[in-house]
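For reference, the chains in residue letters:
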Amino acid sequence: MFGKSIAIVLALGVMATALLAFRQQRFELVSRISRAHWRLLEQERDIGRRRAEVASAVKPDAVRKAIADLPWKWRPIPHRMDAPTPPTQPRLATRGQAEPSPEPVRFGG
């Protein structure tokens with residue numbers, strides 16, 4: 001009987017130790033996730049600060065002047081990427097022959 005009670009006490013001790021080890025691992029994992037999340041938030045704040053610095057340092061007139069001084073010819077980026085190229089125009093599905101529109105359709109805004 002004494003041997004059985006010693007075995008039960010040892011088994012309970014091993015189970016309690018394993019439970020404490022698992023709890024400690026869980027706490028450490030939560031702590032690591034929390035630190036990683038905090039670092040991510042700090043990096044996002046830093047990106048926001050740097051974007052604000054760039055936006056305050058770059059003036060539209062200075063950019064236009066710098067582009068005008070370059071030897072290349074620049075074109076604006078189209079508003080819509082699915083806009084047709086200038087020679088083709090969108091066509092509407094009709095039953096009969098429709099008169100072509102006198103003014104071309106313009107995309108963008």
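Nothing here was measured: the structure is a model prediction, and the numbers come from that model.

(A) Just the overall build of the protein chain, in detail. Tallying secondary structure elements over the protein chain gives 2 helices and 0 strands in all. Expressed as a percentage of the 109 residues in the protein chain, the buried residues total 0%. For the protein chain, the exposed surface amounts to about 11,100 Å²; the carbon and sulfur share of it is 63%.

(B) Layout of the packing of aromatic side chains. Scanning the entire structure with this criterion turns up 0 aromatic pairs. Sitting above the plane of the Phe27 ring, Arg26 keeps its charged end 5.6 Å from the centroid. Across from the ring centre of Trp38, 5.3 Å away, lies the NZ or CZ of Arg45, which sits over that ring.

(C) Geometry of a nonpolar patch on the surface. Taken together, the side chains of Val54, Val58, Val63, Ile67, Leu70, Trp72 and Trp74 make up a nonpolar region of the molecular surface, amounting to roughly 670 Å² of accessible area. For Trp72, the location among the structural elements is in the segment after α2 (60-69).

(D) Local environment of the pattern of salt bridges. Within the structure shown, the criterion is met by 5 salt bridges. Residues Arg49 and Asp46 are paired through a salt bridge, measuring 3.9 Å at the closest nitrogen-oxygen approach. Note that Arg49 and Asp46 are positioned in helix α1 (residues 2-57) at a spacing of 3 residues, about one turn of the helix. Judged by relative accessible area, Arg49 falls into the partly exposed class, the value being 44%. It is possible to trace a salt-bridge network through shared partners that takes in Asp46, Arg49 and Arg50.

So, how was this worked out
- Residues numbered from 1 in each chain as written.
- Predicted model: local features only at pLDDT ≥ 70, side-chain atom pairs only at ≥ 80, totals over all residues.
- Heavy atoms only, no water.
- Helix = DSSP H or I, 4+ residues; strand = E, 2+ residues; numbered from the N terminus.
- Buried < 20%, exposed > 50% of the residue type's maximum accessible area, 1.4 Å probe, protein only.
- Areas by Shrake-Rupley, 256 points an atom, 1.4 Å probe, with all protein chains shown as cover.
- Phe/Tyr/Trp six-rings, centres within 6.5 Å; stacked < 30°, edge-to-face > 60°.
- Lys NZ or Arg CZ within 6 Å of the ring centre and 35° of its normal.
- Patch = residues over 30% accessible without salt bridge, like charges linked within 9 Å, V, L, I, M, F, W, Y side chains within 5 Å.
- Salt bridge = Lys/Arg side-chain N within 4 Å of Asp/Glu carboxyl O.

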